[in-house]
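# Coordinate analysis (summary)
Each chain, written out:
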Amino acid sequence: MTPYARRGVHGQTVEALARRILGGEIPEGATLDLVALQSELGVSLTALRESLKVLAAKGMVDARQKRGTFVRARADWNLLDADVLRWQFEGAGTADADRSLLHNLAEVRAIIEPAAVRLAAQRRTEADLVALEDALDAMGRQDAADPGHAVDADLAFHRALLAATHNELLERMEMVIESGLAHRDRIVHSSPHSEPPVPAHRAVLDAVRDGDPEAAERAMRALLDQAGRDLARLGGTDDEPKGSGGQ
């Protein structure tokens, strides 16, 4: 699913409501006072209702006769939705909440990416290798004054790896991985103390190019371990478990 556009009054209203719900300002089960929200947010009732439809599609709110619009239980929220993930990372609020989100993402990535890279080593095409090489070249041209460049290059590399599996469902996992990876990268790549990312990524690419699934998986696990060390060093995690992060 394409991430929700943040531009315009409609997009801003969706994000404002989502962050209030995710942050607990509007708790689970609460019935929304649409008139009060309309006044607080400075939007029309129509714009507010349209924004709530977006959140309803993500499982966050619902409407019932006699009850009105209310916040659904967290168990009903689509937590793998790219927007929901992004909203959580951008509005984590506390260091503990941030660490918890990063830890959850790290566990998901440690399950998905080593297995995905095995498929990539078996199925990659020349076009896939070019995309991976281009991303790695961009990573090597990091601009120290622009951490965003490193984030974009890292995302491009991992997106290309998932694409190289030629499995449509795995390719869609990029929406899950990218939200947290971008947040993690902004923390790590803005620090001078993180380990250089290119060698670990080069090892993954070399194994994929060689068509060696075992070597590709080992290289990916080593990359994830390095990322875990980076986060631990910055206080982003409580410890350094295997595959505890992402580069």
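As a starting point, this report considers the structure included with it. Everything quoted here is computed from the prediction, not taken from an experiment.

## Side note on the overall build of the chain
Check the secondary structure of the chain and you find 11 helices and two strands. The buried share of the chain, reckoned over its 247 residues, is 47%. In the chain, the share of contacts with a sequence separation of at least 24, taken over all contacts with a separation of at least 6, comes to 68%.

## Brief notes about the pattern of salt bridges
Pairing between side chains becomes possible if they bear opposite charge and their charged atoms approach one another. Per the counting criterion, the structure on display carries 20 salt bridges. In this structure, Asp76 engages Arg72 in a salt bridge whose closest nitrogen and oxygen atoms are separated by 3.7 Å. By relative accessible area, which is 40% here, Asp76 ends up partly exposed. Judged by its relative accessible area of 26%, Arg72 is partly exposed.

## Comments concerning the nonpolar core
Judged by nonpolar contacts, the single largest core of 26 residues is most densely connected at Val117, Leu132, Phe157, Leu161, Val204 and Val208. The set of elements that each furnish at least two residues to this core consists of helix 5 (95-123), helix 6 (126-140), helix 7 (147-163), helix 10 (198-209) and helix 11 (213-233). Setting aside chain neighbours within four positions, we find Leu161 in contact with Val117, Ala120, Leu132, Val204, Val208 and Met220. Counting residues in each nonpolar core, the second largest holds 22 residues, with Leu17, Leu34, Leu37 and Leu48 among its members.

## Considerations on the pairing of strand 2 (residues 68-71)
Here strand 1 (residues 61-64) pairs with strand 2 via four bridges, running antiparallel. Note that in strand 2 the partner of Ala63 across the bridge is Thr69. Counted along the chain from strand 1 to the antiparallel partner strand 2, the turn is three residues long, and its residue Lys66 has a positive phi close to 75 degrees.

## Details of the packing of aromatic side chains
In total, this model carries zero aromatic pairs according to the counting rule given. A cation over a ring is seen here: Arg67 above Phe70, with NZ or CZ 3.7 Å from the ring centre.

## Quick word on the packing of helix 1 (residues 8-22) against helix 2 (residues 34-41)
Contact geometry of helix 1 with helix 2 gives a least axis separation of 12 Å together with a crossing angle of 120 degrees. Taken together, the axes of helix 1 and helix 2 are oblique relative to one another. When you trace helix 1 past helix 2, the crossing you get is right-handed. Taken together, the residues of helix 2 that come into contact with helix 1 (itself represented by Thr13, Ala16, Leu17 and Arg20) are Leu37, Glu40 and Leu41. Taken together, the residues that form the contact of helix 1 with helix 2 break down as four nonpolar, one polar and two charged.

What counts, and at which threshold
Residues numbered from 1 in each chain as written. Predicted model: local features only at pLDDT ≥ 70, side-chain atom pairs only at ≥ 80, totals over all residues. Heavy atoms only, no water. Helix = DSSP H or I, 4+ residues; strand = E, 2+ residues; numbered from the N terminus. Buried < 20%, exposed > 50% of the residue type's maximum accessible area, 1.4 Å probe, protein only. Contact = heavy atoms within 4.5 Å. Salt bridge = Lys/Arg side-chain N within 4 Å of Asp/Glu carboxyl O. Core = buried A, V, L, I, M, F, W, Y, C linked by side-chain atoms within 4.5 Å. Pairing = 2+ DSSP bridges. Phe/Tyr/Trp six-rings, centres within 6.5 Å; stacked < 30°, edge-to-face > 60°. Lys NZ or Arg CZ within 6 Å of the ring centre and 35° of its normal. Axes fitted to C-alpha atoms, helices over the stretch in contact; angles between N-to-C directions. Parallel < 35°, antiparallel > 145°, perpendicular 65-115°, else oblique. Left-handed = near helix turned anticlockwise from the far one by under 90°. Nonpolar A, V, L, I, M, F, W, Y, C, P; charged D, E, K, R; others polar.

Just distances and angles here, no functional claims.
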